[in-house]
Amino acid sequence: MKEAMLYEVVDKDTLKCNVCNHYCIIKNGLRGICGVRENIDGVLYSLNYGKTIARAIDPIEKKPIFHFLPGSKTYSLATVGCNLSCSWCQNWDISQEPKNGNKIIGKDISPEEHIKSALNHKCKSISYTYSEPTIFLEYAYDIMLLAKEMGLKNIWVTNGFMSKETLDVILPLTDAMNVDLKGFDDKICNKYCGGAIKPVLENLVTIYKAGIHLEITTLIVPAVNDEIKQIEEIADFIKNLDPNIPWHITRFYPGYKMINNNPTPIEILYKAREIGFNKGLKRIHIGNI
Ligand code: SF4
């Protein structure tokens, strides 16, 4: 573990974490919502620092990133934990694992070892992915600094719920991002994911204005975000930001708390694509089919 970045002291027993939009107030001996930041005697620690739970060499298109270094390999890594709790999460076994005070699991791998391995495998980039990179900010940051030194690109695959403070830290080191835009309805986002949409929309504008290569993904989940109005609102938002931003419309498969739900009917994905093109978007990709 390592002392966390971006926190402040509220009083002798209480800290405030400024890493994501939950801005957790954390009493001594307790963790934040993500389960990986703990107040230990007045110091906030990132418990998952250096604890890699997953790593792999992926085609960059798997992130999905289709319009940045196409055809290249990306070195992907994650720790346990997430600041959201989406009912359909495909990686719930690692994203939700540290909640309820569970032990932080993962293999000890230094930032230097990750960079060496990425270079040995002829990867062009490092992707912070699988779980949510925001909650392993300190680990990602150290790897990002080294990656830059060695000429590797940095890619965040994220739910976009990080704080403005975190964006200030990472944007100068980030080359590309894929941000999940899960819907356009705060109530639904709160009910199914424990988050909110407004901060994600604001962050998307900030990321775009920073000149980072940006792609957006929307997983279409039946009876959650598959109504026409919501799809139109998402498409409008992207169009107003920049109609050239690639939009990935992906198919839901049963998992986690939605193990008994049916996969998204393929016609809905094609309908969403048609809506996007009619709104003026230029690059739409259907995924997971
Ligand atoms: S990263 Fe987010 S969820 Fe985790 S402790 Fe900080 S504010 Fe809370």
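Everything below is about the structure printed above this text.
Trainee: Where do I start with the packing of helix α7 (residues 228-241) against helix α8 (residues 266-279) in this structure?
Mentor: The geometry of a pair of packed helices is captured by two quantities: the angle between their axes and the separation between those axes. Between α7 and α8, the least distance of the axes is 9 Å, while the angle of their chain directions is 40°. What the angle tells us is that α7 and α8 run oblique. For the pair α7 and α8, the sense of crossing is right-handed. Contact residues: Ile228, Ile231, Glu232, Ala235, Asp236 and Lys239 in α7; Lys271, Ala272, Ile275, Gly276 and Lys279 in α8. Each residue belonging to the contact of α7 with α8 can be placed in one class, and the counts come to 5 nonpolar, 1 polar and 5 charged.

Trainee: What is the right way to read the sheet that holds strand β6 (residues 43-46) from this model?
Mentor: Across a sheet, paired strands are connected by hydrogen bonds in the backbone, their directions being either parallel or antiparallel. Taken in spatial order, the 3 strands of this open sheet run β1-β6-β5, and their pairing is antiparallel. The open sheet terminates on both sides in strands that have one partner only, identified here as β1 (2-3) and β5 (37-40). One ladder, built from 4 bridges, connects β5 with β6; its direction is antiparallel. Bridge assignment links Arg37 to a residue of β6, and that residue is Ser46.

Trainee: Explain the environment of Asn154 here, please?
Mentor: Structurally, the position occupied by Asn154 is in strand β12 (residues 153-158). Measuring from C-alpha to C-alpha, the distance between Asn154 and Ile170 comes to 9.7 Å, with 16 residues separating the pair along the chain. The contacts of Asn154, once residues within four sequence positions are left out, are Ile126, Tyr128, Met144, Ala147, Lys148, Leu173, Thr174, Asp175 and Ala176. In this structure the side chain of Asn154 is engaged in a polar contact, spanning 3.3 Å, whose partner is the backbone oxygen of Met144.

Trainee: Help me understand the packing of aromatic side chains, please; the structure alone is not making it clear to me.
Mentor: To describe a pair of aromatic rings, one takes the distance between the centres and the angle between the planes. Under the definition given, this model contains 4 aromatic pairs. Ring geometry for Phe184 versus Phe237: centroids 6.2 Å apart, planes at 55°, classification tilted. Placement of Phe184 in the loop between β13 (176-180) and α5 (186-193) and of Phe237 in helix α7 is noted, with a sequence separation of 53 residues between them. What makes Phe184 partly exposed here is its relative accessible area of 26%.

Trainee: Just to check I follow, could you spell out the site of the ligand for this structure?
Mentor: Around the ligand, a shell composed of Cys17, Val19, Cys20, His22, Tyr23, Cys24, Ile26, Gly32, Ile33, Cys34, Arg37 and Asn83 is seen. When atom positions are compared with the pocket grids, the ligand is found to occupy the largest cavity. Grouping the amino acids of the shell around the ligand by side-chain chemistry returns 8 nonpolar, 3 polar and 1 charged.

Trainee: Honestly, α8 in this entry has me stumped. Any pointers?
Mentor: Helical geometry note: an α-helix holds 3.6 residues per turn, so side chains three or four residues apart project in the same direction. For α8, spanning 14 residues, the distance from its first C-alpha to its last is 20 Å, which sits close to the expected 20 Å at 1.5 Å a residue. Listed as buried for α8 are Leu269, Ala272, Ile275 and Gly276. One face of α8 carries all of its buried residues, which in axial projection span an arc of 120°. Exposed side of α8, more than 90 degrees from the buried face: Glu267 and Asn278 are the residues found there. Tucked inside the fold, the buried residues of α8 contact β14 (213-220), α7, β15 (247-251) and β16 (284-287). Looking one or two places after α8, you find Gly280, whose phi comes out positive at around 110°.

Trainee: Quick question: what am I supposed to make of the sheet that holds strand β4 (residues 25-27) here?
Mentor: What the 3 strands build is an open sheet, ordered β2-β3-β4; its pairing is antiparallel. A strand with exactly one partner marks an edge of an open sheet, and here the two such strands are β2 (7-11) and β4. Here the strands of the sheet are splayed against their neighbours by 30° on average, with no regard to which way each runs. Bridge count between strand β3 (residues 14-17) and β4: 3 bridges; the pairing is antiparallel. Among the inter-strand pairings, Lys16 is bridged to a residue of β4, identified as Ile25.

About the thresholds
Residues numbered from 1 in each chain as written. Predicted model: local features only at pLDDT ≥ 70, side-chain atom pairs only at ≥ 80, totals over all residues. Heavy atoms only, no water. Axes fitted to C-alpha atoms, helices over the stretch in contact; angles between N-to-C directions. Helix = DSSP H or I, 4+ residues; strand = E, 2+ residues; numbered from the N terminus. Parallel < 35°, antiparallel > 145°, perpendicular 65-115°, else oblique. Left-handed = near helix turned anticlockwise from the far one by under 90°. Contact = heavy atoms within 4.5 Å. Nonpolar A, V, L, I, M, F, W, Y, C, P; charged D, E, K, R; others polar. Pairing = 2+ DSSP bridges. Polar contact = N/O pair within 3.5 Å; in protein donor to acceptor, adjacent residues only side chain to side chain. Phe/Tyr/Trp six-rings, centres within 6.5 Å; stacked < 30°, edge-to-face > 60°. Buried < 20%, exposed > 50% of the residue type's maximum accessible area, 1.4 Å probe, protein only. Near = heavy atom within 4 Å. 1 Å grid on protein atoms, 1.4 Å probe; cavity = no way out; pocket = protein on both sides within 12 Å on 5 of 7 lines; lining within 4 Å. Sits in = over half its atoms within 2 Å of the grid points. Expected span 1.5 Å × (residues − 1). Arc of directions from axis to C-beta.

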